[in-house]
Amino acid sequence: MTKKNMPKTNRRAFLAGTAATAFAAPAFAQSVTGSGTTEVERDLSSAVRRNTSSFRTLDWQPYFSNLNNGAILVDIQSRALHYWSEDRSIYKLYPTSVPLTEDLTRRGRTSVTLKDPEPDWRPTPSMKERNPEWPDYVPPGPDNPLGTRALHLSWTYYRIHGTHDTRKIGRRSSNGCIGLYNEHIEELYQLANVGTQVLLI
């Protein structure tokens, strides 16, 4: 190959190649040890790939008859959470993690029943059955699998919560709950009320 025919390498091409390599590398699930406490999930690289491009704003009216006490819509397909305030002055759109499999996915209407400012975590009986190596309890803190805040729903064991493992956002990666970045759940926690209506579609 002559010098004239050789491809040019520039900083942009190098960075693009580096980014592609990083995205191709497997994302290993963290394990629970004495020093690090996190919910153990399957290797995230084997789950459905990240979906961050299909977010679109939605109107509340096709999904709710009113905005009494505010409304939260979780779209499992696009992996997005929409929030509308009761007075319609606030609309928020957040990327989420969603349940890993269809059998862990629940759809329908529910509501916020409890706002937990310092969530602790216990695996459900079915989670413990599937993963007996998981701890029985993780206290509140930034490394808690439920993150820094949680909104309990009327369905047993279901939450909208934060996560310290940001690789999960935009993926099918949870055991049934809806996960947000910690900064997003902290904002939603301030906006939502006990009684806020929730719809998962």
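Heads up: these notes are all about the structure in this document. Values in this document were obtained by computation on a predicted structure and should not be read as measured data.

Each value, and the rule that gives it
- Residues numbered from 1 in each chain as written.
- Predicted model: local features only at pLDDT ≥ 70, side-chain atom pairs only at ≥ 80, totals over all residues.
- Heavy atoms only, no water.
- 1 Å grid on protein atoms, 1.4 Å probe; cavity = no way out; pocket = protein on both sides within 12 Å on 5 of 7 lines; lining within 4 Å.
- Points joined across faces, edges and corners; volume = space filled by probe spheres on them.
- Helix = DSSP H or I, 4+ residues; strand = E, 2+ residues; numbered from the N terminus.
- Nonpolar A, V, L, I, M, F, W, Y, C, P; charged D, E, K, R; others polar.
- Core = buried A, V, L, I, M, F, W, Y, C linked by side-chain atoms within 4.5 Å.
- Buried < 20%, exposed > 50% of the residue type's maximum accessible area, 1.4 Å probe, protein only.
- Contact = heavy atoms within 4.5 Å.
- Pairing = 2+ DSSP bridges.

Observations regarding the layout of surface pockets
Consideration 1: Here the largest pocket defines a volume of roughly 470 Å³.
Consideration 2: In this structure, the largest pocket is lined by 29 residues; those nearest its centre are Trp121, Thr124, Met127, Tyr157 and Cys177.
Consideration 3: Only α2 (125-130), β7 (159-163) and β9 (178-181) provide two or more residues apiece to the lining of the largest pocket.
Consideration 4: Partitioned by chemical class, the residues of the lining of the largest pocket number 10 nonpolar, 11 polar and eight charged.

Observations regarding the nonpolar core
Consideration 1: Membership of the largest hydrophobic core comes to 21 residues, with the highest contact counts inside it found for Ile72, Leu81, Leu151, Ile160, Ile178 and Leu188.
Consideration 2: Here the element with the most residues in this core is helix α3 (residues 182-191); it accounts for three residues.
Consideration 3: With near-sequence residues (within four places) excluded, Leu81 lies in contact with Ile72, Leu73, Val74, Lys92, Leu93, Tyr94, Thr96, Ile160, Ile178, Leu180 and Leu188.
Consideration 4: Counting residues in each nonpolar core, the second largest holds eight residues, with Leu58, Ala71, Leu73 and Trp84 among its members.

Some thoughts on the pairing of strand β3 (residues 91-95)
Taken residue by residue, a regular strand's side chains alternate between the two faces of the sheet.
Consideration 1: As judged from the five bridges shared by strand β2 (residues 80-84) and β3, these two strands associate in the antiparallel manner. Bridge pairing in β3 places Tyr83 opposite Lys92.
Consideration 2: In textbook terms, the turn of a hairpin is the stretch between consecutive antiparallel strands, and for β2 and β3 this stretch comprises six residues, one of which, Arg88, has a positive phi near 70 degrees.

What is shown is where atoms sit, not what they do.
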